[in-house]
Amino acid sequence: MLASASAFAPQPFLVAPTKAMQQSSPRTSQSSHHPFSLASTSDSMEMSEQQSTNYETPSELLSLPARPGRPLKVAIAGGGVGGLTCALYMLKKGFDVTVYEKTAAFARFGGPIQFASNALSVLKEIDDDLFDRVMEKFTFTGTRTCGIKDGLRADGSFRMTDDSIDYLVNPDAPADWFVKFPLRQCADLFGLPYTGVVDRPDLQEILIEECKKLKPDFIQNGNPVTGYVSHGRGKGVTVKLSDGNVANADVLVGSDGIWSAVRAQMYGEEIKKATKDLKKRQGCTYSGYTVFAGETILKTPDYYETGYKVYIGPQRYFVTSDVGDGRIQWYAFFALPPGSKKAPSGWGGSTRDEQANPEENLVEYIKSLHEGWSDEVMTVLDATPPDSVEQRDLYDRSPELLRSWADGNVVLIGDAVHPMMPNLGQGGCQAIEDAYVLTELLAATKTTDKIEKNLQEFYKKRIVRVSIVQFMSRLASDLIINAFDTPWSPHDNKGQSWKSYLTFFWKPLLQYLIFPAQFAYLYSYHPTGNMENLPSLLEKEWKARHFEGAEEAFEDVAKGKKFESSGPSFFKKAEIEKTPAVP
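## A word on the packing of aromatic side chains
Think of a pair of aromatic rings as described by two things: how far the centres are apart, and how the planes are tilted against each other in angle. One pass over the structure, following the stated rule, counts 25 aromatic pairs. Between the aromatic rings of Y304 and F547, the centroid separation amounts to 5.3 Å while the plane-to-plane angle is 40°, which identifies the pairing as tilted. Remark: F547 occurs in helix α14 (residues 534–558) and Y304 occurs in the loop between β15 (284–297) and β16 (306–313); sequence separation between them is 243 residues. Residues Y331 and F333 carry aromatic rings whose centres are separated by 6.5 Å and whose planes lie at 55° to one another, so their mutual orientation is tilted. Exposure class is identical for Y331 and F333. Each is buried. Feature note: the residues F181, Y308, F515, F519 and Y523 constitute an aromatic cluster, connected by ring pairs. Sitting over the face of the ring of W177, K180 holds its NZ or CZ atom 5.4 Å from the ring centroid. R184 extends its terminal NZ or CZ atom over the ring of Y194, reaching a point 4.7 Å from the ring centre.

Here is the structure:
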């Protein structure tokens, strides 16, 4: 898998002119003091004319705590995990940062988001207090058994068995576990904290509170970025806002998600515009998969021994994960056409009348698609409230190997430029890596005339790694659905197709080569270096907390307390909008 990723090595760095570049005008430069001000559009135009006489003024010195000059002024479009992480690190570096977020106010919505060991290393390097606060809310999964189970042969008892091939010669040997992931071993290789999850609302609250300690008014809610004008080398950018006002900054960071307004201008796209067959949407491609998701509280016999499990079978797979406090979150992936809508989408931001048939029991529907599968899958589904099930068609993008992520003084990060399939849990992790690398480069920028060059340098530093991770994330889905099936066994007839034989022969490669190489590569980016005994100390503290929280939840459910789902980890609150179609 990783060898083929070398195809993503970048070609000689050439940037084709974009629509945004053609629209940018170097004659609308900002004043020498470059105020981070808001003004009406007409006022901004008048101001630009007055400022045009300063076009030839020399570049300005940019300060750090130990360097003379003025602070770098940064506007960030989007207050998600990537945008808030970027804002915090930039504020810590002494930048003047303002985040423009479309939601009117932050509310507690959305479920857990996975943080792999590489992202935890970045958080630790950014801020010790941030890392400590996240750890207090964290649920480790990589400390326990994680891997692929046989969706048809798992005996329904949630038993812990080996993943050896003894069943080839011993008909009584269990075949429940196909391959186990070396998450702990790969984290230990680099001395990093173990992979796990944190509730998105908790993470956002922590990031916002830490940012407000440095700049109380760092965020403007209900006023998203709609466009920009980059003024050329050393002259900053005018940021257009939805209320008709504009703001001036040295740099605009587009962190506004997969349907990014900043990217729409940079690459000449139309926001959320889709083809009639829905296979293309604002430059993104339908992955071929739709996913249903739900959450429940359920004490399975293996609850404390497993982190997450991927049940494989013909043309689909089913994932369960411990997300803390007794909760199990599940995802059911199906190869269906886009728009095969059964359930609402956008956790917390949609209503049940969006369901295709409001009377249909979605749990029973999903069970019908898993006929003949293990009782372990059915047990999880049966414990799930039907009205909590939601659905999302999955889109991603091909790596931008021939187009830069930067246009003048504007740059894209995270899902705004490299959305990826959720299989490796690396979407948020790569956004956090982006935020770290971008901030480090800008902190090393001593004058405003070097900003454009360093934004291009950011693209070149990130494109290879991100492209490889995008490739691996998509390949994981494609292999499981298109090339995997119930593995062949000499003792039954449950796996008899050519895919079953192929899946069987994949086993040693996956177990001893591909998965160790994959996770070692993901964790190889760790700016903290080896953390010595810290990971084991964190695990020890967490175990007691995890047991107490889970047992309390199990007891509440046993007493009849109603469970309220928090939502899937990669489903975000969505606005109910119609998608414009291409005629």
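Next, the rest of the story.
## What to know about the side chain of R67
Structurally, R67 is set in the loop between α2 (41–51) and β2 (73–77). No salt bridge is formed by the buried R67, whose closest oppositely charged neighbour, D250, lies at an N-O distance of 11 Å. From its side chain, R67 meets the backbone oxygen of L62 in a polar contact 2.9 Å long. In this structure the side chain of R67 is engaged in a polar contact, spanning 3.2 Å, whose partner is the backbone oxygen of A443. Excluding residues within four positions of it along the chain, R67 makes contact with L62, A443, A444, T445 and K446.

## Things to note about unusual backbone geometry
Non-glycine residue F158 carries a positive phi angle of around 55°. In this structure, F158 sits in the loop between β6 (145–150) and β7 (177–180). The phi dihedral of E532 is positive, around 55°, even though this residue is not glycine. Among the structural elements, E532 can be located in the loop between α13 (498–523) and α14.

## Quick look at the sheet that holds strand β9 (residues 219–221)
Pairing between sheet strands relies on hydrogen bonds along the backbone, with the strands arranged either parallel or antiparallel. Read across the sheet, six strands follow the order β9-β3-β2-β13-β21-β20 without closing on themselves; strand pairing throughout is mixed. Two strands close off the open sheet at either side, each with one partner strand: β9 and β20 (406–407). Against the sheet, helix α3 (residues 81–92) engages β2, β3 (96–101) and β13 (251–254), with an angle of about 165° to β2.

Cut-offs applied
Within each chain, residue numbers correspond to sequence positions counted from 1 in written order. Local features in a predicted model are, by the rule used here, given only for residues with pLDDT of at least 70; side-chain atom pairs are given and counted only at 80 or more, and totals for whole chains, interfaces and linings are based on all residues. Where side-chain values are given, they derive from all heavy atoms of the structure, hydrogens and water being excluded. Stacked, tilted and edge-to-face pairs are distinguished by plane angle, under 30 degrees for stacked and over 60 for edge-to-face with tilted covering the rest, among Phe, Tyr and Trp rings (Trp via its six-membered ring) whose centres lie within 6.5 Å. Think of it this way: any DSSP run of H or I at least four residues long counts as a helix, any run of E at least two long counts as a strand, and we number them from the N terminus. When accessible area is computed with a 1.4 Å probe and restricted to protein chains, residues below 20% of their type maximum are described as buried, those above 50% as exposed, and intermediate ones as partly exposed. When the NZ atom of lysine or the CZ atom of arginine is within 6 Å of a ring's centre and also within 35 degrees of its normal, the charge is said to sit over that ring. Charge counting follows a simple rule: Lys and Arg are positive, Asp and Glu are negative, and His as well as the terminal groups are ignored. Criterion for a salt bridge: a side-chain nitrogen of Lys or Arg within 4 Å of a carboxyl oxygen of Asp or Glu. The definition of a polar contact used here is a pair of N or O atoms within 3.5 Å, where within protein one atom must be able to donate a hydrogen and the other to accept one, and adjacent residues in sequence count solely through side-chain atom pairs. We call two residues in contact whenever any of their non-hydrogen atoms come within 4.5 Å of each other. Pairing between strands is defined by DSSP: at least two bridges between the two strands are required. Lines fitted to C-alpha atoms define the axes, with helix axes restricted to the stretch in contact, and inter-axis angles between N-to-C directions lie between 0 and 180 degrees.

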